[in-house]
Structure formats: structure tokens, C-alpha cells
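Tertiary structure, described
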Amino acid sequence: MPEHLLIIDDDTRLAAMLRDYLSANGYGVQTAASATAGLAELARNPADAVVLDVMLPDLDGFEVLKRIRAGSDVPILMLTAKGDETDRIVGLEIGADDYLPKPFNPRELLARLRAILRRRGAPAPSGVLRFGRLEIDPGSRMARLGGQPCDITGHQFDILLALAESAGRILSREQLLDRVKGIEADAFDRSIDVHVSRIRAAIEDDPRHPRRIVTVRGAGYVMARRQDDEG
């Protein structure tokens, strides 16, 4: 069975072009021209990934994202206005897995979709990683603090896992972006900072003074080997 994609975008010409392009690359594709139609289609026919435009005629894409996230962790790639930093940050903060500014090359959209679908379907490595009260379970793709699940997206779990697997070693923003996107990262892309901030809010006792994920100025981030008051 081909993987099923849902495109929610009121630009019907763009949606039709993407449907044809993605179908030619082996995907099953459904389109919806409004938030209402998209949410109804997703309820009827769950998708493997969603391409979601920020600007929709009935609800904005952020509200649609919130409604989808309330009941599903389906990967979501958001389409934003070119150069609109605010849209990008808001989307990542409330659960988008990736973003792409318009106009874009369909090949880049295909590459990003393949990356998030590959992460979702990849065989899970075994072995729970433990850092004091923090547990990172690659098998279930869950992070727990003191036994309680941490509220992070799949994209953010990939970043946390990358840092945990390299604990004690600095990873640059570019290395982290390359790890989680599966494509060449833009050296000036600051979206990784948004994700790390969200992760810290979930795993740090005091996100303003992080002890688990530490910023190394000018270099990147490092996961501390020793956390809490481990003996």
C-alpha cells in the first residue's frame, strides 16, 4: 500500500500540481481546499503525513494544527509565507514537524516529506537511555521525567535522542538539523533553537537555567552526561 498524504491548501492549482507530482513519486494523495474539509477528510481517512497551509479561508493553519494534535501525532509539514519567521516559530512551538516557505521547489517538499516519513517508519533502536530522572526510550519513542511522559513532538524527540546518543559531545545546529530533517541544513536556520526551547520546557526543572541540555555559545548544544544529583 502506498503511503497516504493529505494536502490542505486553498490554492487549488498548487494543490493539484503537488497531487500530480507526489502521485508520480508513489504516494496516494488527497487534497482539501479548506480547514473544515481537511479535518473531515483526516477523520474519515487517516493520513501518513499532512501538508498544511497556514493561510486557509475558514480557519488559520495554526488552529487546524492544534485540532489535529489534540488527537493525532501524524507528521505535519506546514507551508508558510516566504520569510515569515513568526509563522515558522509558532508552527514549530505548537507541534509542526517541519515547515517550508512559499514559493518552494516540489523536489524539496518531497525530500522533507520523505525525511519525516522515514523517521516515523524507521526500525526503533533498542535500549532505554537514562540520565538521572530522565529516561529516553527509542523503542516507544517516549521521553519520561520521573516516570511521567514528556510533552514533545516526534521532531523534538529526534533532537533529544540525537543529543542523548552523543551525551557529553557538542552537536552544532547544522548537525542536529541534518539529523532530524535528513536533508542539507541551512547554516542560518534558527528553528533548532525553537525545538530545543520546547524540549527544555518539557524536561528541565527550570528551563531558564537548564542542566540537561546546555548551550555552548557559538558551537551548539550538549546533553550533560550527569544530571540531577546522580551518585
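Above this text you will find the structure in question.
My aim in this report is to walk through the structure given alongside it, one point at a time. (Residues numbered from 1 in each chain as written. Predicted model: local features only at pLDDT ≥ 70, side-chain atom pairs only at ≥ 80, totals over all residues. Heavy atoms only, no water.)

**Section: the side chain of His-155**
Positionally, His-155 belongs in helix H6 (residues 154–165). Relative accessible area serves as the criterion here: at 2%, His-155 is assigned to the buried category. (Helix = DSSP H or I, 4+ residues; strand = E, 2+ residues; numbered from the N terminus. Buried < 20%, exposed > 50% of the residue type's maximum accessible area, 1.4 Å probe, protein only.)

**Regarding helix H8 (residues 191–203)**
Here H8 is 13 residues long and its end C-alpha atoms lie 19 Å apart, about the 18 Å a rise of 1.5 Å per residue gives. Within H8 the residues assigned to the buried category are Ser-191, Ile-192, Asp-193, Val-194, His-195, Val-196, Ile-199, Arg-200 and Ile-203. (Expected span 1.5 Å × (residues − 1).)

**A short note on the nonpolar core**
Counting 25 residues, the largest nonpolar core has Ile-136, Leu-160, Leu-163, Leu-176, Ile-213 and Met-223 as the members making the most contacts within it. When residues of this core are traced back to their parent elements, those giving at least two are strand E7 (134–137), strand E8 (142–145), H6, helix H7 (173–181), H8 and strand E11 (220–223). Looking at this core element by element, the count peaks at seven residues for H6. In contact with Ile-213, not counting residues within four places along its chain, are Leu-160, Leu-163, Val-196, Ile-199, Arg-200, Ile-203, Glu-204, Tyr-221, Val-222 and Met-223. Among the nonpolar cores identified, the runner-up in size contains 19 residues, and Leu-5, Ala-49, Leu-100 and Phe-104 belong to it. (Core = buried A, V, L, I, M, F, W, Y, C linked by side-chain atoms within 4.5 Å. Contact = heavy atoms within 4.5 Å.)

**Things to note about the packing of aromatic side chains**
Considering all chains together, one arrives at zero aromatic pairs under this definition. In this structure, Arg-112 packs its charged tip against the face of Tyr-99, placed 5.9 Å from the ring centre. (Phe/Tyr/Trp six-rings, centres within 6.5 Å; stacked < 30°, edge-to-face > 60°. Lys NZ or Arg CZ within 6 Å of the ring centre and 35° of its normal.)

**A few points about the sheet that holds strand E5 (residues 98–102)**
Here we have five strands laid out as an open sheet, ordered E2-E1-E3-E4-E5, and parallel in their pairing. What marks the edges here is a single partner per strand, and that holds for strand E2 (28–32) and E5. Here the average twist between neighbouring strands, direction ignored, is 20°. Strand direction decides the pairing type here: strand E1 (residues 4–8) and strand E3 (residues 49–53), joined by four bridges, are parallel. Residue pairing across strands places Ile-7 opposite Val-51, the latter belonging to E3. (Pairing = 2+ DSSP bridges. Axes fitted to C-alpha atoms, helices over the stretch in contact; angles between N-to-C directions.)

**Notes on the pairing of E8**
For a regular strand, side chains alternate in direction, first toward one face of the sheet and then toward the other. Along E8, the buried face is formed by Ala-143 and Leu-145; none of Met-142 and Arg-144, which line the opposite face, is buried. Where E7 folds back on E8, the antiparallel hairpin that results is connected by four residues, among which Arg-141 adopts a positive phi of roughly 55°. The pairing of E8 with strand E9 (residues 148–149) spans two bridges and is antiparallel. Bridge pairing links Arg-144 to Pro-149 in E9.

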